[in-house]
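Topology and contacts: notes
Listed here are the chains, written in short residue letters.
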Amino acid sequence: MGKEIGNGSYYDVAVIGGGAVGLAYAIRVKRDHPELRVVVLEKAEEPRFKIGESTLSVTVEHLLELGFTMPQLRRLFTIKSGLGFWYTDSATDELVSPVDVCNTEETFQVERRPMEIALTVLARSCGVEIRSGTAVSAGRSRLGGPDPVLVMRGSSGAADPVHCRVVCDASGPASVMARALGTHRKQEHINTNAYWSHFRKTASTRIPGWDAPMTHHICFPQGWFWFISLCSWESSPTPDLTAMIGALLKDRRDEEDMPDRQEWASRFGCTHSLRVSIGVSPRSDLDYSPSGGARERFWHYVDAYPAIQEIMRSYEEVPDPYQGKPAYGYLKEIEHYSTSYAGEGFLSVGDAAFFVNPLFSKGLAFGMFCAKEAARATAGHLKDPAGGDFAGYDRLLHSVYRALSTENEALYRSWASPAGFEQVLMAKLAGALPEVRNRADGLVHEDVPYRLLAPRHAKVFTDLVAVTRDAGSHPEDRSPEIEAVTGRYLEELRTDPETIEARLGRFLTYYDDNLVRHENAAEVAQPGVFAAVACPGCRQYVNATLGRCPACGQDMGPCLTSSPVSDAAEGGSR
């Protein structure tokens, strides 16, 4: 608890926002320095539904550091083994130029509500105070400068202000700190919108590779669609789900002794079902503006592309997916940043700091990375405010945002043709895959994930933006210029000893170890370092090394020597 000081209470650290990244930051600060008083101020009464996300290896590493175990993650979420990409345009009913990265590691597709409940349980268990239903009034608070004071919205101003030494803004897209200080900015070059809902899979799409446990992306000249398969707990009341997750997090048994997901759900009266989060993220400057709202905009993009129309015949809408909330969600001009990420008495993390279009699952991956770096910077600042490294944290986030935003712009501008799409995508994947291999093998990790700030890697995307940006709002096929940039980079990678040793063909279905494409995937097929198989009982994918299914408890013995089962339709409650 915070120390009472007349009107209000005093903490060492106050966090605005109780989402996944803010809670991760609070847990790290408190665990590393138990003597510090840490409070999280969350405006919502309880964790709410969010879109649904895929994770990368770095995200799972952070979750394990925060206190999860792999058996616990397997009970709450669905498995993910990679990322799949296809290209289409309005002139064809086919998906072309498939590119994927797979069989590298066991990660997960996560629903944010159970994740945030779990992180709330972990935070409270280590002594973080969490005040739900508590919104900060930025206009009446003292956010910048020494000795910040936070005043709650709806209070008298004299009642219960929170005094602290450091404020961490983890308020998500609200960006409370940046907006209050006038440092919030929208991306100027390419911004994007998003429209989405939840669906059930009712039949196979008959697309090779589609039924593998990957996050699927379909890119087209204006943007991209995502398909993320989730285990949804949305129909479970929060008290029941919180009780189940609390008990699950206390259970540290190994995989073979841990009850399966269905047992946990039954014990606490919870229900869950398989759903697919499907959304589209077009460029803002090219977005269509029909009459109507998010639903009409979503289906406009489905109807505009015959290949996507065909895929959507295998899915049906989930009635009332968000328990009385609108069935379709939307966000406008989602990419934003700040001109300052830290200063006297404050810093920002996650989406409150910046947000870049989530292609490649960047949100949680770099949000969790920033939370760890922010916790480290906070500890140094509180120990020695004059010598603490908030300035270093600020520089780091500026560098990370610039690199992520440049990559994002290069990708969007390459989608005028399938050739440009594939060339830029392969530059991104091939540059990062050696580190993915290193993580899978437990080797030394990079300071910034996925070689993002490596000079050679960063220069490629800066050069790609330079040769495509003058097209403005009119997508133009610049694949010859693009290939001149990416070709040099890929040739360097082919001869790099680390790339040769990594044998990247293990993780790319259509490419060999020399990064040469083969249309016949069987010609270059080789085992990766991770494999998933479909459970014969519930049809959900399972780590092939497990003896039984974490979801339903089915004995997996007969499946462990077989190929992954394809064309598995997802749907129904489990």
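We now examine the packing of aromatic side chains. Aromatic rings in a pair are described by how distant their centres are and how their planes are angled relative to each other. The tally for this structure, following the rule as stated, stands at 21 aromatic pairs. Between Tyr87 and Phe421, the ring centres sit 5.5 Å apart and the planes meet at 40°, which makes this aromatic pair tilted. Taken together, the positions of Tyr87 in strand β5 (residues 78–87) and Phe421 in helix α12 (residues 418–440) put the pair 334 residues apart, joining distant regions of the chain. Summarising the burial analysis for this pair, Tyr87 and Phe421 share the class buried. For the pair Trp224 and Trp226, a centre-to-centre distance of 5.7 Å together with 55° between the ring planes defines the contact as tilted. Looking at Trp224, the relative accessible area reads 2%, which means it is buried. One aromatic cluster is present, formed by Phe199, Phe220, Phe225, Phe298, Trp299, Tyr301, Tyr305 and Tyr328 through successive ring pairs. Stacked on the ring of Trp264, the Lys or Arg Arg267 has its end atom at 4.6 Å from the ring centre. Sitting over the face of the ring of Phe360, Lys428 holds its NZ or CZ atom 5.3 Å from the ring centroid.

This brings us to the environment of Gln554. Turning to its location among the elements, Gln554 is positioned in the segment after β21 (541–543). You can call Gln554 partly exposed: its relative accessible area is 32%. Excluding residues that lie within four positions of it along the chain, Gln554 makes contacts with Cys535, Pro536, Gly537, Gly547, Arg548 and Cys549.

The subject of this paragraph is the packing of α12 against helix α14 (residues 479–495). Running from amino to carboxyl end, α12 crosses α14 at an angle of 25°, the nearest separation of the two axes being 9 Å. Comparing the axis directions of α12 and α14 gives the class roughly parallel. Between α12 and α14 the crossing geometry is left-handed. Across from Ala419, Gly420, Gln423, Val424, Met426, Ala427, Ala430 and Gly431 in α12, the residues of α14 making contact are Ser479, Ile482, Glu483, Thr486, Tyr489, Leu490 and Leu493. Across the contact of α12 with α14, the residue classes tally to nine nonpolar, five polar and one charged.

Turning our attention to empty space enclosed by the protein. Within the structure shown, the criterion is met by five cavities of 30 Å³ or more. Together, 22 residues line the second largest cavity, and Leu56, Leu83, Phe360, Val436 and Tyr450 are the ones closest to its centre. Mapped by element, the contributors of at least two residues to the lining of the second largest cavity are β5, β6 (96–110), α10 (362–383), α11 (390–413) and α12. Partitioning the lining of the second largest cavity into residue classes produces twelve nonpolar, five polar and five charged.

Taken across its 15 residues, β6 has 13 buried, putting it largely inside the fold. Examined bridge by bridge, strand β4 (residues 53–54) and β6 share two bridges and lie antiparallel to one another. Within the sheet, the bridge partner assigned to Ser54 lies in β6 and is Gln109. Strand direction decides the pairing type here: β5 and β6, joined by eight bridges, are antiparallel. Bridging across to β6, Thr78 finds its partner in Gln109.

If you look at the biggest cluster of nonpolar residues, it comprises 123 residues, and the most contacted ones within it are Tyr25, Leu119, Phe354, Tyr393, Val400 and Trp415. Not counting the four nearest positions on each side in its chain, Tyr393 is found in contact with Tyr341, Ala342, Leu347, Ser348, Val349, Cys370, Glu373, Ala374 and Ala377. Grouped together as the second largest cluster of nonpolar side chains are 24 residues, Trp86, Leu95, Tyr195 and Phe298 included.

What follows is about the confidence of the model for the protein chain. Mean pLDDT for the protein chain: 91, with 94% of residues reaching 70 or above. Segment residues 561–574 is flagged for pLDDT under 50; beyond a separation of four residues in sequence, or across chains, it makes 36 contacts in the model.

What follows concerns the side chain of Gln109. By the element assignment, Gln109 lies in strand β6. Of the polar contacts made by the side chain of Gln109, one reaches the side chain of Thr215; its length is 3.1 Å.

Take the environment of Val101 next. Within the fold, Val101 resides in strand β6. Overall, the relative accessible area of 8% leaves Val101 in the buried class. In this structure the C-alpha to C-alpha distance between Val101 and Phe85, which are 16 residues apart in sequence, comes to 8.9 Å. Ignoring any residue separated from it by four or fewer positions in sequence, one finds Val101 in contact with Ser81, Gly82, Leu83, Met214, Leu429, Leu433, Phe507 and Leu508.

Basis of the calculations
Residues numbered from 1 in each chain as written. Predicted model: local features only at pLDDT ≥ 70, side-chain atom pairs only at ≥ 80, totals over all residues. Heavy atoms only, no water. Phe/Tyr/Trp six-rings, centres within 6.5 Å; stacked < 30°, edge-to-face > 60°. Helix = DSSP H or I, 4+ residues; strand = E, 2+ residues; numbered from the N terminus. Buried < 20%, exposed > 50% of the residue type's maximum accessible area, 1.4 Å probe, protein only. Lys NZ or Arg CZ within 6 Å of the ring centre and 35° of its normal. Contact = heavy atoms within 4.5 Å. Axes fitted to C-alpha atoms, helices over the stretch in contact; angles between N-to-C directions. Parallel < 35°, antiparallel > 145°, perpendicular 65-115°, else oblique. Left-handed = near helix turned anticlockwise from the far one by under 90°. Nonpolar A, V, L, I, M, F, W, Y, C, P; charged D, E, K, R; others polar. 1 Å grid on protein atoms, 1.4 Å probe; cavity = no way out; pocket = protein on both sides within 12 Å on 5 of 7 lines; lining within 4 Å. Points joined across faces, edges and corners; volume = space filled by probe spheres on them. Pairing = 2+ DSSP bridges. Core = buried A, V, L, I, M, F, W, Y, C linked by side-chain atoms within 4.5 Å. pLDDT = per-residue confidence, 0-100. Polar contact = N/O pair within 3.5 Å; in protein donor to acceptor, adjacent residues only side chain to side chain.

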